[in-house]
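Observations on chain architecture
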Amino acid sequence: MQTYANYIAGQWLVGPSQRPNVNPSDTGDVLGLYTQADSEQAEQAIAAAHVAAPAWGLSSPQVRADALDRIGSEILARKEELGELLAREEGKTRPEAVGEAARAGAIFKFFAQEALRLRGDKLASVRPGIEVEVTREPLGVVGLITPWNFPIAIPAWKIAPALAFGNAVVLKPAELVPGSAWALAEIISRAGLPDGVFNLAMGPGSVVGQALLNDRRVNGLSFTGSQATGQRVAMAAVQRGAKFQLEMGGKNPLLVLADADIEAAVNCAVQGGFYSTGQRCTASSRVIVERAVYARFAERMAEVTQALRVGHALRPETQIGPVVDASQLQQDLDYIRLAKEEGARLLAGGQTLTLDWPGHYLAPALFGDCDNAMRHCQEEIFGPVVSLIPCENYEHGLALANDTPFGLSSGICTGSLKHAHHFKRHSQAGMVMVNCPTAGVDYHAPFGGRKASSMGAREQGSYAAEFFTSVKTSYLQA
Ligand code: NAD
């Protein structure tokens, strides 16, 4: 079986141990052995980035733009193959995975151009004879720590702006999905970057991730993952004065009003709640429905949910792939049991499925008659579990939508312009959708949340420069 190495200082290096990459659709299918760095190898990656950062930070934006554009073109040209690899290791369906790979390619091409668009300001000074100039500079070395649910898009949306604005990178991908990150690193390794500008350090979070948190040479930490790990990142960064940005969990509401097109609203809820196996930080895990249409909505959503085809991620008929691994499946089942104990009514699914392949299959679970205060409505499950919560009217629905520790994405289905506008303004979320699923965003628009979902500057689009550059104000006596 092939062993995949880390990429450090322009070289492929094997670490002291290897980890098998197992297909969640068919656990007998192992994609390969992926090397695991120890703290020494993690330190080597940081040192390589530290050496490479100053020259890269002063490089021509044209050089950076050309490299990023080459990376983006290759990803786009190979999106089918990269999508298949992604579907095999993570379990989202082939079309979802190919779409994610294409998104990664588009992100690199977008940031290729952003490298050329970085601009500053010139201000008139209040003092005579002085010029004030505002410029942006790279941070230096950035540590990028990514989760398992978007194995190529999240690394791409951190790596591309980091490199575009002249930072040196150490990428620490999630243990469960090293294949897509490795494939991306292999493409980057041939893009003409100086050695050490980009480094891949696969390995355990507690070792490689922690090394990035602790090392004073890492000037910025960009993290996406769980709230618990995010808190560790923030504490470490504050203690040693590193810049950080965190994207964490969600418990995203979709509010369905009585004047909505019910069929379209059910589609939004099913798409947002169950596609990608519900393993999206933007998943609509709470669907809040105005009581006047609650029974009709619940009945129709149960019908559609029941009919979803769960199966092997690479089969063309599959709509919902497997859960990513045994421990996430156990977490989903624990929450399904809890929801029942809390008095929610199971309307569809919720049981494990035995199919033709040994995989982590779960029938999407739809719960009705939920109370927003129930624990399963307040905590992130991160699986194909949706809770229907009845509300009395728009104002009550909005209050329930906002009654959560999280604030990543939210949505409303309505025919009323007045309510759509009011919701856009008063929903306590970083991203608000009107008559669209809470999941599914553009690659050139800022992404991020509020409250416990996010901390620090936004990711993606031109807003990414906020995190990956540092502002300098210079005064010059003419
Ligand atoms: P996780 O927190 O377990 O892991 C995320 C990353 O942190 C992994 O690479 C892991 O190895 C690393 N890590 C673990 N311990 C560490 C430590 N001590 N120091 C440094 N790094 C460490 O999260 P996960 O299970 O991979 O991902 C699921 C979570 O990610 C969910 O909560 C989901 O909502 C969230 N997520 C958020 C967004 C968003 O943009 N808001 C997007 C996708 C996923």
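Shown above is the structure to which this text applies.
A few points on the structure.

Thresholds, definitions, all that
Residues numbered from 1 in each chain as written. Predicted model: local features only at pLDDT ≥ 70, side-chain atom pairs only at ≥ 80, totals over all residues. Heavy atoms only, no water. Near = heavy atom within 4 Å. Polar contact = N/O pair within 3.5 Å; in protein donor to acceptor, adjacent residues only side chain to side chain. Areas by Shrake-Rupley, 256 points an atom, 1.4 Å probe, with all protein chains shown as cover. Helix = DSSP H or I, 4+ residues; strand = E, 2+ residues; numbered from the N terminus. Nonpolar A, V, L, I, M, F, W, Y, C, P; charged D, E, K, R; others polar. Domains from an automatic or database assignment. Pairing = 2+ DSSP bridges. Contact = heavy atoms within 4.5 Å. Axes fitted to C-alpha atoms, helices over the stretch in contact; angles between N-to-C directions. Buried < 20%, exposed > 50% of the residue type's maximum accessible area, 1.4 Å probe, protein only.

1. Considering the site of the ligand
The local shell around the ligand holds 28 residues, among which Lys172, Glu175, Ser226, Met248 and Glu380 are the closest. With respect to the ligand, the backbone of glycine 205 contributes an N or O atom lying 3.5 Å from a nitrogen atom. Burial of the ligand by the surrounding chains reaches 89%, relative to a free accessible area of 850 Å². Among the secondary structure elements, those contributing two or more residues to the shell around the ligand are α7 (205-214), β11 (220-224) and α8 (227-240). In terms of residue count, α7 provides more of the shell around the ligand than any other element does, four residues in total. Broken down by class, the residue content of the shell around the ligand amounts to 13 nonpolar, 10 polar and five charged. Taken domain by domain, the makeup of the shell around the ligand includes at least three residues from each of domain 1 (3-248 + 453-477) and domain 2 (253-434).

2. Side note on the sheet that holds strand β5 (residues 30-36)
Across the sheet, three strands lie side by side as β1-β5-β4; this open sheet has mixed pairing. Among the strands making up the open sheet, the edge pair consists of β1 (3-4) and β4 (17-22). Bridge analysis of β1 against β5 gives two bridges, and the strand direction is parallel. Paired with threonine 3 across the strands is leucine 33, a residue of β5. The strands touched by helix α3 (residues 79-90) within the sheet are β4 and β5, with β5 carrying the most contacts at an inclination of about 85°. Most of the contacts of helix α6 (residues 178-189) go to β5, to which it runs at about 70°, and overall it touches β1, β4 and β5.

3. Observations regarding unusual backbone geometry
At serine 276, a residue that is not glycine, the phi angle is positive and equals roughly 55°. Position of serine 276 relative to the elements: it lies in the loop between α9 (262-274) and β14 (286-290). Residue serine 276 is classed as buried on the basis of its relative accessible area of 7%.

4. Observations regarding the pairing of strand β7 (residues 130-138)
As paired strands, strand β6 (residues 121-124) and β7 are joined by four bridges and run antiparallel to one another. Residue pairing for β7: aspartate 121 is matched across the bridge by valine 134. In the sheet, β7 pairs with strand β23 (residues 469-477) via nine bridges, with the strands oriented antiparallel. Following the sheet pairing, isoleucine 130 is matched in β23 by glutamine 477.

5. A word on the environment of glutamate 89
Structurally, glutamate 89 can be placed in helix α3. C-alpha separation for the pair glutamate 89 and asparagine 372, spaced 283 residues apart in sequence, amounts to 34 Å. If near-sequence neighbours (up to four positions away) are discounted, glutamate 89 is found in contact with Asn21, Val22, Pro24, Leu31, Pro151, Leu176, Val177, Pro178, Gly179 and Ser180.

6. Overview of the sheet that holds β14
Strand order in this open sheet of seven strands is β15-β16-β17-β14-β13-β19-β20, and the pairing throughout is mixed. Of all strands in the sheet, those bounded by a partner on one side alone are β15 (345-348) and β20 (431-434). Direction aside, the axes of adjacent strands within the sheet are offset by 25° on average. Summarising the sheet, strand β13 (residues 253-256) and strand β19 (residues 409-413) pair through three bridges and their orientation is parallel. Following the sheet pairing, leucine 255 is matched in β19 by isoleucine 412.

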